[in-house]
Amino acid sequence: MLRTASIKLETSVADAAALLALQAAYAAACNRLVPLVIAYRCWNRVALHNLAYTDLRAHTPLGSQMACNAVFSVCKAYKAQKQLGRIPKDESVQAVCFDRASVHFDKRTYTLKGDAVSLYTLAGRIMVRLLCGAHQRRILDGGIAKEAELICRKGQWYFNLVVESEDHQPVASGPVMGVDVGENNLAASSTGKVWGGGDLRHRRDQHLALRRRLQSNGSQSAKQLLRKISGKEQRRVKHINHETSKAIVAQAINVGARKITMEDLTHIRRRIRAGKRMRARLHRWAFRQLQTFVQYKAQAVGIAVELVDPAYTSQRCSECRALGRRIKHRFECQCGFRAHADLNASRNLARIGEGIAWPRAAVNTPDVGCVARHASP
Ligand SMILES: [Zn+2]
């Protein structure tokens, strides 16, 4: 698994000047390659190297390895363009501008030395201290450092280092844990845990009420405040999602789960009730982020993650499969089964994950169109 640690660099005035000079020369070298890419429709690394290397060495101050890296960066940028469908077959290739390019470093242009890094510059190697936080340190310690991108953001230099960590042996046996990412709570698991009810939801709704007031106000200062609280809210949600996903994966480890089954959120619209349209739209990204965090934290410990079509997981009884009644947070079934609605849904997800199919009759009723009409605004 590849992860990127974005590490701040502690640079002196002289260091910063050396990095700036390198960045300018690197960008110029990349831009020098662009006409060749266009003329030869060439973004293969070896082919472009053969076309351009001598010229780069003769007309730019880059050393041999940095010249290779410039070829790499240009090929990577054009491959990305191609993948995005921006290089149609019968049309000429467009120029890409590399003015604020990041500088690609590989094993031959940087060396990690404890909490410092030795970096190639036009004036020889410089040693710069890495300002690692706990998060970056964990990533660094958890694997082998690969290539990196040197970037400058608002006058601060960062070393974005790709770290390859060994894939954990997949957990071979054990139960499947269903996790329902919910409206009422952040999440509920088939093992009986519920995360993030009450207070979190209250604060979220307060925020939304404020947001709505500001949106209807429309003045310049209201817009500014809206942007500010939006950023703040996003950071808060991200923090909550990190904590919650950590707890969910810890629970999965605790019960020895081999797999976590969640619903495929492309279907979430179906489930949001009519009056909650606003809330649903604003928070779908938050649900998806929580799932993504669960996915990569689970993967790191060898637990598989599966996303499934959630059809009926919230309406059906996880005991007898009949259609039950959902009254706010409660789920009730005629068979006598009663549970928190989100817990019932997570138990259904676990069953789907275990590969226990619904009885045929149950799948065929009710009509899907009917459910969709009922649920969508
Ligand atoms: Zn039942």
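For the structure, check the block above.
Since this is a predicted model, take the numbers as computed values, not measurements.

## Thoughts on the overall build of the chain
So, step 1. Regarding its fold elements, the chain presents 11 helices and 15 strands.
So, step 2. Residue pairs at least 24 apart in sequence account for 68% of intrachain contacts in the chain once pairs closer than 6 positions are excluded.
So, step 3. Surface accessibility of the chain: about 20,300 Å² in total, with carbon and sulfur atoms responsible for 52%.

## Remarks on the packing of helix 1 (residues 13–40) against helix 2 (residues 45–59)
So, step 1. Running from amino to carboxyl end, helix 1 crosses helix 2 at an angle of 145°, the nearest separation of the two axes being 10 Å. Of the two possible hands of crossing, helix 1 and helix 2 adopt the one that is right-handed. Residue-level inspection shows Ala-29, Arg-32, Leu-33, Leu-36, Val-37 and Tyr-40 of helix 1 in contact with helix 2, the latter providing Leu-48, Leu-51, Ala-52, Asp-55, Leu-56 and His-59.
So, step 2. In terms of residue class, the contact of helix 1 with helix 2 is made up of nine nonpolar, one polar and two charged.

## Focus: unusual backbone geometry
So, step 1. A positive phi angle, close to 45°, is found at Arg-41, a residue other than glycine.
So, step 2. Residue position: Arg-41 is located in the loop between helix 1 and helix 2.
So, step 3. A positive phi angle is found at Arg-321, which is not glycine, with a value near 80°.
So, step 4. For Arg-321, the position within the fold is in the loop between strand 12 (304–308) and strand 13 (325–327).
So, step 5. Residue class for Arg-321 comes out buried when judged on its relative accessible area of 10%.

## Points about the sheet that holds strand 5 (residues 126–131)
So, step 1. Read from one edge to the other, the open sheet built from seven strands follows the order 2-6-7-1-5-4-3, with strand pairing classed as antiparallel. Only two strands of the sheet have a single neighbouring strand rather than two, namely strand 2 (103–105) and strand 3 (110–113). Ignoring which end each strand starts from, the neighbouring axes of this sheet average 30° apart.
So, step 2. Across four bridges, strand 4 (residues 116–119) lies against strand 5 in antiparallel orientation. By the bridge assignment for strand 5, Ala-116 is matched with Arg-129.
So, step 3. Running at roughly 100° to strand 2, helix 1 makes contact with strand 1 (2–10), strand 2, strand 4, strand 5, strand 6 (144–153) and strand 7 (156–164) of the sheet.
So, step 4. Sheet contacts for helix 3 (residues 64–83): strand 2 and strand 6; angle to strand 2, the most-contacted strand, approximately 115°.

## Some words on helix 4 (residues 134–141)
So, step 1. Among the residues of helix 4, those classed as buried are Gln-136, Ile-139 and Leu-140. For helix 4, the angular spread of buried residues about the axis comes to 100°, placing them on one side. Away from its buried face, by an angle of more than 90 degrees, helix 4 presents the exposed residues Ala-134, Arg-138 and Asp-141.
So, step 2. Contacts from the buried residues of helix 4 go to strand 1, strand 3 and strand 7.

## Brief notes about the coordination of the zinc ion
So, step 1. For the zinc ion, the full set of protein donor atoms is Cys-317 (SG), Cys-320 (SG), Cys-333 (SG) and Cys-335 (SG), and the range of their distances to it is 2.3 to 2.4 Å.
So, step 2. Coordination at the zinc ion comes from four donor atoms whose angles at the metal span 102 to 117°, giving a geometry best classed as tetrahedral.
So, step 3. Read in sequence order, the donor residues for the zinc ion give the motif C-x2-C-x12-C-x1-C.

## Considering the packing of aromatic side chains
Aromatic rings in a pair are described by how distant their centres are and how their planes are angled relative to each other.
So, step 1. All told, the structure shown has four aromatic pairs when counted by the stated rule.
So, step 2. Here Phe-105 and Phe-159 contribute two aromatic rings whose centre-to-centre distance is 5.7 Å and whose plane-to-plane angle is 75°, an arrangement assigned as edge-to-face. With Phe-105 in strand 2 and Phe-159 in strand 7, this pair connects stretches of sequence that are 54 residues apart. For the pair Phe-105 and Phe-159, one class covers both residues: buried.

## Here's the deal with the nonpolar core
In globular proteins that are soluble, nonpolar side chains generally tend to be buried together.
So, step 1. Of all hydrophobic cores here, the largest spans 48 residues; its most connected members are Leu-9, Tyr-78, Phe-105, Leu-119, Phe-159 and Leu-161.
So, step 2. Ranked by the residues each element gives to this core, the list is headed by helix 1, at nine residues.
So, step 3. Those residues in contact with Leu-119 that lie beyond four places of it in its chain are Leu-9, Leu-19, Phe-105, Thr-109, Tyr-110, Gly-124, Arg-125, Ile-126, Val-128 and Phe-159.
So, step 4. Counting 17 residues, the second-largest nonpolar core is a separate cluster that includes Ile-248, Ala-252, Ile-260 and Ala-298.

Conventions used here
- Residues numbered from 1 in each chain as written.
- Predicted model: local features only at pLDDT ≥ 70, side-chain atom pairs only at ≥ 80, totals over all residues.
- Heavy atoms only, no water.
- Helix = DSSP H or I, 4+ residues; strand = E, 2+ residues; numbered from the N terminus.
- Contact = heavy atoms within 4.5 Å.
- Areas by Shrake-Rupley, 256 points an atom, 1.4 Å probe, with all protein chains shown as cover.
- Axes fitted to C-alpha atoms, helices over the stretch in contact; angles between N-to-C directions.
- Left-handed = near helix turned anticlockwise from the far one by under 90°.
- Nonpolar A, V, L, I, M, F, W, Y, C, P; charged D, E, K, R; others polar.
- Buried < 20%, exposed > 50% of the residue type's maximum accessible area, 1.4 Å probe, protein only.
- Pairing = 2+ DSSP bridges.
- Arc of directions from axis to C-beta.
- Donors = N, O, S within 2.8 Å, 3.2 Å for Na, K, Ca; no water.
- Tetrahedral: all angles 85-135°; square planar, octahedral: opposite > 155°, others 65-115°.
- Phe/Tyr/Trp six-rings, centres within 6.5 Å; stacked < 30°, edge-to-face > 60°.
- Core = buried A, V, L, I, M, F, W, Y, C linked by side-chain atoms within 4.5 Å.

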